[in-house]
Each structure stands twice: as C-alpha cells, then as structure tokens.
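Summary of structural features
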Amino acid sequence: MAVTGKIVILIVFVVGIIFQSPQMILRPGLLRALINNFTEGAFNIPLRISKHGHSHKSFLRGDPTSVMDNIPPEASKVKYLNQDEAIQVDVDLLKDYKFGVDTQLMELAGLSVATAVAKVYESKKAEHVLVVAGPGNNGGDGFVVARHLKMFGFENVTLLVARKPTKEGFLNLIYQAEHNQVMVSYDASSYRDHSATLIVDALFGFSFKPPVRPDYQPLMDILVSSSAKLVPVVAVDIPSGWDVENGPPTDDSIRYMPDMLVSLTAPKLCANHFQGSYHFLGGRFVPKTLADKYALNLPPYPGTECVVRLK
Ligand SMILES: NC(=O)C1=CN([C@@H]2O[C@H](COP(=O)(O)OP(=O)(O)OC[C@H]3O[C@@H](n4cnc5c(N)ncnc54)[C@H](OP(=O)(O)O)[C@@H]3O)[C@@H](O)[C@H]2O)[C@@H](O)CC1
Ligand SMILES: [K+]
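Just so you know, these numbers come straight off a predicted model, no measurement behind them.

Rolled over the atoms, a probe with the dimensions of a water molecule shows which regions are left empty. Quantified by volume, the largest pocket comes out at close to 780 Å³. Along the walls of the largest pocket sit 40 residues, with Gly136, Asn137, Asn138, Phe206 and Ser207 positioned nearest its centre. Mapped onto the lining of the largest pocket, the elements with two or more residues apiece are helix 4 (83-95), helix 5 (104-120), helix 6 (137-151) and helix 7 (168-178). Per-class residue counts for the lining of the largest pocket are 21 nonpolar, 10 polar and 9 charged.

For serine 185, the location among the structural elements is in strand 5 (residues 183-185). With relative accessibility at 10%, the residue serine 185 sits in the buried group. Through-space distance from the C-alpha of serine 185 to that of leucine 159 is 6.2 Å; in sequence the pair is 26 residues apart. Excluding residues within four positions of it along the chain, serine 185 makes contact with Leu159, Leu160, Val161, Ser190 and Tyr191. Within the structure, serine 185 has its side chain in polar contact with the backbone nitrogen of aspartate 187 (distance 3.1 Å).

Further remarks concern the sheet that holds strand 4 (residues 156-161). With mixed pairing, the 8 strands of this open sheet are ordered in space as 5-4-3-6-7-8-9-10. In this open sheet, the two edge strands, each paired with only one partner strand, are strand 5 and strand 10 (307-309). Direction aside, neighbouring strands of the sheet carry axes that sit 20° apart on average. Relative to strand 8 (residues 260-264), strand 7 (residues 233-236) is paired through 3 bridges, and the arrangement is parallel. When the bridges of strand 8 are listed, valine 234 appears paired with methionine 260. Sheet strands in contact with helix 5 are strand 6 (198-202), strand 7, strand 8, strand 9 (278-282) and strand 10, and its direction is about 155° off that of strand 8. The sheet strands contacting helix 6 are strand 3 (128-133), strand 4, strand 6, strand 7 and strand 8, and the helix crosses strand 4 at an angle near 165°.

Calculation notes
- Residues numbered from 1 in each chain as written.
- Chains lettered and ligands numbered in written order.
- Predicted model: local features only at pLDDT ≥ 70, side-chain atom pairs only at ≥ 80, totals over all residues.
- Heavy atoms only, no water.
- 1 Å grid on protein atoms, 1.4 Å probe; cavity = no way out; pocket = protein on both sides within 12 Å on 5 of 7 lines; lining within 4 Å.
- Points joined across faces, edges and corners; volume = space filled by probe spheres on them.
- Helix = DSSP H or I, 4+ residues; strand = E, 2+ residues; numbered from the N terminus.
- Nonpolar A, V, L, I, M, F, W, Y, C, P; charged D, E, K, R; others polar.
- Buried < 20%, exposed > 50% of the residue type's maximum accessible area, 1.4 Å probe, protein only.
- Contact = heavy atoms within 4.5 Å.
- Polar contact = N/O pair within 3.5 Å; in protein donor to acceptor, adjacent residues only side chain to side chain.
- Pairing = 2+ DSSP bridges.
- Axes fitted to C-alpha atoms, helices over the stretch in contact; angles between N-to-C directions.

This is the structure:
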C-alpha cells in the first residue's frame, strides 16, 4: 500500500510538472507533505471526507502545523484532572499568574473553542449555530465563542443566555457579541424547537454539582434533544450535566454525548467517558511552571495553533 501510494504521488508530481501547474507543485505544505511521505514512508489517504460532508484537504499526518490530521504521540500522556485539581489550577492561574484581568482567560478559552469548531464544522458556516451559555465562567466562554464564530464567517449565530449577568466583564462580552451581529436571547422556551444544526454547550463547566436545578432544565433539554436528533453538540470543557470526574449521569433527561469536546487547560477526568468524534485541548496559555507543578504532561500545540487534537 505504501509503495503504491508513493508511485501515485510520483505520477501526480511528474504530471504536474508536465502540465506546468506551478501553484500545485509549489504549495509549500503540499511539497513538504510529499517529501515527508517519501522520506518517512507515512503515506496516508490524501482526501478525508468527514461525516459532516466536508473534506479535510490536507494529507499532512506528521506535519506539525496540521491540527486536524495530527494527533501527537504525547496526547496519550496528558493528565486528566479531578474536580479539586481543576479548581486549584484555575486559582493558580488567576492568583499566581495574574490572569485576573477581568475576562482575559475567557477570551483565550473561547477563541480556542471557536477555532476548533471552525476547523471541524466549516461546512456549516451558512447554517444556524446556537450557543447555550450558563451562569458561570463556562457561560462566559460561550459569550466569546459566539463572537469569534461570527468573526470566522459563521453567518447565523444565536447566543442563548441562561441568566442575565451582573458583572461588568460578562455584560461587556455579551455587548461585544451583539455588536458583532450575534443574536442574543434570554428566552430558552423559544428555542425548544430550534432550527440550529450545530449547538455549542457552554452551560456548565467544572464547578457544576449535580443535580441540575429545575430552572436550568429547559436549557439541558435543548442539548439532550438536539443530540438525540443527531445535531452535533460541541461541549466546552465539560459536557453539561456530566459529573466532572465520573462522566455521564444515569438520568435520561440530562444525559447526552457531545460530538466534540474541547477541554480547556487540561482535560478533566470525565473526558475518559467521551465517545464523540473529536476531542481537542484548547487554551494555550498555561505557563510551563504551572504545567510542571500539576504534572499536566500537555502535548505540544502545533505551529501557532491554540488547539491540539487529542482524539
Ligand atoms: N483554567 C481555568 O480554570 C479556566 C476556566 N475556564 C472556564 O471556567 C469554567 C468553570 O467556571 P466556574 O468555576 O465559574 O463554573 P461553571 O461550571 O461555569 O458554573 C458555575 C455556575 O453554575 C451554577 N451551578 C452549579 N451547579 C449547578 C446545578 N446543579 N444546577 C444549576 N446551576 C448550577 C453555579 O451556581 P451557584 O451554585 O453558584 O448558585 C454557578 O453559577 C471552566 O469549566 C471553563 O469553561 C476558562 O474560561 C478559562 C480557563
Ligand atoms: K459545558
């Protein structure tokens, strides 16, 4: 198979020269991939069609700049945090590393989630995306995700906010989303039968303690029913309703499996139960000394990317 692949590539290369297609031959990524494939014998299928119907046009496995097709070997060694560790890392980042500048961490976290979403669900840019945002910092990440999705070309983004925040930083994030043409709503009941084809779950993060309180059930319903209808749900840090350490609940009214999970800082133990398609790590802001303190074993982020794929 590897030999056949090399022969095919060689023919394409020669034909490219004959027909003088300098753009094709000289594309740096392509050229580098060709060289990699010849030198390392790591030929992979050039065009992968994902289950969402779009193609990942690279075949750069082994190319450190490709997030979609490159899962670094170190990904298997990353530490999964328990709830206390997750909270303590947060405290350290804010206190020892002075990340307390209002919403600075949220901005970086939300940007990384939006980046991963844009890579995987590029084909949904013209469709309706619904971001469900909760009352804590996980919700704050959601405010940022919604804005960056607009920036990345998603045309129809709605931000459904569980509870109007009082803190100025949070209000500013909502304001910024609105002023980037994100539709903002506080009425969960009007999204019971929504038309969104992609959901971002920014309802609860690592401070969630079960059971879900009744006033949040309509928001959980949106996640659970969407997932049941095979509308992909992207979980920010923790799939809402899940126990941070033990994973999915037994109660059907709050249990769902996201299609994609973006762990922030480091995966939490519940990520061991993730059975969706894509697991990313985001938030390239953890100082090395902090990573060492908690033995996080973070995998290298490719190139200048703010996300790395774990699964
Ligand atoms: N490195 C990091 O640390 C980073 C952290 N970041 C992000 O912060 C997230 C953690 O944020 P967080 O600590 O604010 O908690 P989070 O889970 O959003 O929610 C707490 C809220 O939920 C509520 N609530 C709780 N249980 C409930 C229940 N059963 N039913 C109903 N409500 C319930 C609770 O209400 P309360 O109990 O206080 O009344 C409170 O209002 C983390 O997952 C990540 O996304 C990134 O931004 C940057 C890097
Ligand atoms: K979440």
